[in-house]
Amino acid sequence: MQNRKRTDIMVWKEFQEKLEQDLITESDFTAEMGAYLQPLLCGEAAVPRRRKFLKAPYEIYEGTERVSVVLHCPDDDYRFDFLFDGISWKLAFVECITLPVYDMDIFPYTEFAPLGKKELHIRREKEITQYVYFYLKFKELVGREKALACFSDGKGEYICARSWVPFYSDRLSYIAYCAWYECRINGENVVIREFQENKCEVVIYNHIWRQMYFTVGHLKPVIEFSEYMDLFEFVWKDRAASAGWKVRFVYTDEYTSLIFNS
């Protein structure tokens, strides 16, 4: 990245003025991203977010094709990318993730630095987005019920549990397996509260599946939250039934509870 230039500073200053007065319009975004970014920055619901962005200290960088502004907010760093379309600067991305590959000037290049906890977000965003994409595509082709049925993986999951967890009954092996998998593979914060032959409870704190709907911009425009959660519940009901359980769900602001009963 090159040093900042005065023109780069003016790009951000002009955008700040519009942000402060809520005067950002569709023409301020690239055609590709306007539908996702406009709800993030415009209107009454975005007032707290705009205030956060306006108060944040920032750094400005000039890339080969973009001007990038990195805002250091209390909750995270946000990067605003602007592209010049030949007439004016357009906002192309608002991102909290920037891969650490900015120094590729010595080859062969082998130093792929880790990105800490954000690697989990990257992995889960891609997985969940793919889940939703295929569900919506199947729904378009064969209808909602048959689309849901395409995600019936319970029998396979039950075989995994019985194969990899030999210490308990088959039913309890599934509970231990699904809790371990959600924690270690999917990165969820999981606690087993109850572990009995006739009742088990698995609690997921700060549930990534639920949070992802609100933290990425591309899910809300394509699927309602209720249907998004229907997909989640269908998968878990199928898994529970395959292992001989019934499951119900309890949602709070802090956690998702899966309660398994005979």
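Right, let's walk through the structure included here. (Residues numbered from 1 in each chain as written. Predicted model: local features only at pLDDT ≥ 70, side-chain atom pairs only at ≥ 80, totals over all residues. Heavy atoms only, no water.)

A sheet is described by the order of its strands in space; here four strands give the open sequence β5-β6-β8-β7, paired in antiparallel fashion. Looking along the sheet, the strands with just one partner apiece sit at the ends: β5 (189–195) and β7 (246–251). For this sheet the average axis-to-axis angle between neighbouring strands, irrespective of direction, equals 20 degrees. Here β5 pairs with strand β6 (residues 199–205) via six bridges, running antiparallel. Within β6, the position partnered with V191 by the bridge is V203. Here helix α7 (residues 170–184) sits on the sheet and contacts β5, β6 and β8 (255–261); the angle it forms with β5, its principal contact strand, is near 165 degrees. Each of β7 and β8 is contacted by helix α9 (residues 225–242), which is oriented at about 145 degrees to β7, the strand it contacts most. (Pairing = 2+ DSSP bridges. Helix = DSSP H or I, 4+ residues; strand = E, 2+ residues; numbered from the N terminus. Axes fitted to C-alpha atoms, helices over the stretch in contact; angles between N-to-C directions. Contact = heavy atoms within 4.5 Å.)

To continue, consider the pairing of β8. Within β8, six of the seven residues are buried, which leaves it mostly tucked inside the rest of the structure. In this sheet, β8 lies alongside β6 in antiparallel orientation, the contact comprising seven bridges. Across the sheet, residue V203 finds its bridge partner in β8, namely S257. Counting the residues in the hairpin turn of β7 and β8 gives three residues. (Buried < 20%, exposed > 50% of the residue type's maximum accessible area, 1.4 Å probe, protein only.)

A separate point is the pattern of salt bridges. Under the definition given, this model contains 17 salt bridges. A salt bridge links D81 to R66, with the shortest nitrogen-to-oxygen separation between them at 2.6 Å. Taken together, the positions of D81 in strand β3 (residues 77–84) and R66 in the loop between β1 (58–62) and β2 (67–72) put the pair 15 residues apart, joining distant regions of the chain. Overall, the relative accessible area of 1% leaves D81 in the buried class. (Salt bridge = Lys/Arg side-chain N within 4 Å of Asp/Glu carboxyl O.)

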